[in-house]
Amino acid sequence: VGGEPLDQNVFEVESIVNAIKEEYPNIKIFVYTGYSKKDIENNEKLLYHPFVAMSDFLKTGSYDSETPPKENSKLASGNQELWRMKNGQFFELKSF
């Protein structure tokens with residue numbers, strides 16, 4: 001599976017994630033999306049997407065070579081953000 005996770009076949013990828021979580025119940029699920037937090041919050045299809053609900057961490061924003069990373073950030077470009085997720089709600093991480 002490749003490409004934008006929020007545009008993938010939900011049932012196929014969800015079954016893979018569920019199988020992994022069953023085998024490794026303490027594993028954290030990271031989802032990398034090119035959508036921004038604002039895009040997700042303003043679109044019910046994205047906001048209630050199973051990958052948003054099942055993720056522990058959500059990296060938002062597509063890579064932008066024109067926007068350098070923020071100081072001390074491990075993200076690839078400065079427009080990207082990493083969120084701690086709980087029950088589909090976004091919680092800001094102070095640094096990453």
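Refer to the structure presented above.
Residues numbered from 1 in each chain as written. Predicted model: local features only at pLDDT ≥ 70, side-chain atom pairs only at ≥ 80, totals over all residues. Heavy atoms only, no water.

Asker: Before we go on, may I ask you to explain the overall build of the protein in this structure?
Answerer: Counting its regular elements, the protein contains four helices and four strands. Listed N to C, the secondary structure of the protein is α-β-α-α-α-β-β-β in terms of helices and strands. Compactness check: the protein gives a C-alpha radius of gyration of 14 Å against a globular reference of 12 Å for 96 residues, within 12% of the reference. C-alpha extents for the protein along the principal axes are approximately 35 × 25 × 25 Å. A sequence separation of at least 24 residues applies to 53% of the contacts in the protein between residues at least 6 apart. About 6600 Å² of surface is accessible on the protein, with carbon and sulfur atoms providing 50% of the total. (Helix = DSSP H or I, 4+ residues; strand = E, 2+ residues; numbered from the N terminus. Rg over C-alpha atoms; globule rule 2.2 N^0.38 Å. Contact = heavy atoms within 4.5 Å. Areas by Shrake-Rupley, 256 points an atom, 1.4 Å probe, with all protein chains shown as cover.)

Asker: How should the packing of aromatic side chains be read in this particular structure?
Answerer: One pass over the full model with this rule turns up two aromatic pairs. With centroids separated by 4.6 Å and ring planes inclined at 20°, the aromatic side chains of F30 and F57 adopt a geometry described as stacked. Placement of F30 in strand β1 (residues 30-32) and of F57 in strand β2 (residues 57-60) is noted, with a sequence separation of 27 residues between them. Taking 5.7 Å as the distance between ring centres and 90° as the angle between the ring planes, the aromatic pair formed by W83 and F90 counts as edge-to-face. The exposure class of W83 is buried, given its relative accessible area of 9%. Note that K37 overlies the ring of F90, its terminal NZ or CZ placed 5.4 Å from the centroid. (Phe/Tyr/Trp six-rings, centres within 6.5 Å; stacked < 30°, edge-to-face > 60°. Buried < 20%, exposed > 50% of the residue type's maximum accessible area, 1.4 Å probe, protein only. Lys NZ or Arg CZ within 6 Å of the ring centre and 35° of its normal.)

Asker: What is the right way to look at the nonpolar core in this model?
Answerer: Among soluble globular proteins, nonpolar side chains are generally buried collectively. Ranked by internal contacts, the top residues of the largest apolar core, which has 14 residues, are L6, I40, F51, L58, M85 and F90. Ranked by residues supplied to this core, first place goes to helix α4 (residues 50-54) with three residues. Look past the residues within four positions of L6 in its chain and what remains in contact with it is T33, Y35, I40, L46, H49, F51 and V52. (Core = buried A, V, L, I, M, F, W, Y, C linked by side-chain atoms within 4.5 Å.)

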